[in-house]
Amino acid sequence: MYLFDSSFLILIPALIISAIAQFKIKSTYHKYEKIYSKKGFTGYEVAKAILRENNLNDVKVLETKGKLSDHYDPRSNIIRLSRDVYSDSSIASCSIAAHEVGHAIQHASNYFPITIRDALVPVASFGSKSVWIFVMLGIFLSIPSLVQVGVFLFAGIVLFQIVTLPVEFNASRRALVNLEEMKGAKKMLRAAAFTYVAATLVAISQLIRLLALSNRRR
Ligand SMILES: [Zn+2]
């Protein structure tokens, strides 16, 4: 059957790297959520202080539900921090808060890669919902052009993942400029960056697999 044929092997290296990345971010977060920043500022206070320094006083910082659900929402100009990050003064919390402020600064300064990334969001979200429907239908109904639509959509997802990399690295670089306890923060943000690299590798190997499959069907 299609999903279990030998082309699955193409995915294995990227899946192993991805598992290592997940392990690394969890263990690093675990370590640095227990080490507190010397000044005792919470994630919220760190975010507000960096925003003030960059004259971005109109950006709101609010608490949101979930674990590691932290993000910057460009439409409402709000940084949403998960409860632990918002109210804790651990190095993990401060690093994540500073990273999200990095995204707010990117938007305010019209950082070019984030403009491209935002433009690709609709393609990526439509693609991630529908790509396998096109591929499966194409195979079951023997309509190669449907499979090709799936491959095309998946290429859009891969492009989105690749453009996300400089955006994430740059947000962390901006965060580190503003943080004092660099060593722990660097380790935290590097582990987070590794998960983005791993996700991109998984997407690329899935695209290669899809291409291999669609060629074989012809
Ligand atoms: Zn980010």
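Details of the structure are given in the entry above.
These remarks concern the structure in this document. Note that the structure is predicted; figures quoted are calculated from it, not measured.

Looking at the coordination of the zinc ion
Logical step 1: Listed as protein donors to the zinc ion are H99 (NE2), H103 (NE2) and E168 (OE); their distances from the metal cover 2.0 Å.
Logical step 2: Spacing between the donor residues of the zinc ion along their common chain follows H-x3-H-x64-E. With H99 in helix 4 (residues 91-108) and E168 in helix 6 (residues 144-178), this pair connects stretches of sequence that are 69 residues apart. Pair check on accessibility: H99 and E168 agree, each one buried.

A closer look at the packing of aromatic side chains
Logical step 1: Under the defined criterion, the tally for this structure stands at two aromatic pairs.
Logical step 2: The ring of Y111 has R174 sitting right over it, with the charged end atom 5.3 Å from the ring centre.

Things to note about the sheet that holds strand 2 (residues 71-73)
Logical step 1: Taken in spatial order, the three strands make up an open sheet running 1-3-2, and their pairing is mixed. For this open sheet the edge positions go to strand 1 (60-64) and strand 2, each flanked by a neighbour on one side alone. Strand-to-strand, the axes of this sheet are offset by a mean angle of 30°, without reference to chain direction.
Logical step 2: Relative to strand 3 (residues 78-82), strand 1 runs parallel, the two being bridged by five bridges.

Considerations on the side chain of S18
Logical step 1: You can see S18 is positioned in helix 1 (residues 12-32).
Logical step 2: Looking at S18, the relative accessible area reads 19%, which means it is buried.
Logical step 3: When neighbours within four sequence positions are excluded, S18 is seen to be in contact with A198 and V202.

Section: unusual backbone geometry
Logical step 1: In this structure, L68 takes a positive phi of about 50° despite not being glycine.
Logical step 2: Inspection of the secondary structure puts L68 in the loop between strand 1 and strand 2.
Logical step 3: Located in the positive-phi region is N110, a residue other than glycine, with phi close to 50°.
Logical step 4: With respect to the secondary-structure elements, N110 resides in the loop between helix 4 and helix 5 (112-140).
Logical step 5: Residue classification places N110 among the exposed residues on the basis of a relative accessible area of 62%.

Conventions adopted
- Residues numbered from 1 in each chain as written.
- Predicted model: local features only at pLDDT ≥ 70, side-chain atom pairs only at ≥ 80, totals over all residues.
- Heavy atoms only, no water.
- Donors = N, O, S within 2.8 Å, 3.2 Å for Na, K, Ca; no water.
- Helix = DSSP H or I, 4+ residues; strand = E, 2+ residues; numbered from the N terminus.
- Buried < 20%, exposed > 50% of the residue type's maximum accessible area, 1.4 Å probe, protein only.
- Phe/Tyr/Trp six-rings, centres within 6.5 Å; stacked < 30°, edge-to-face > 60°.
- Lys NZ or Arg CZ within 6 Å of the ring centre and 35° of its normal.
- Pairing = 2+ DSSP bridges.
- Axes fitted to C-alpha atoms, helices over the stretch in contact; angles between N-to-C directions.
- Contact = heavy atoms within 4.5 Å.

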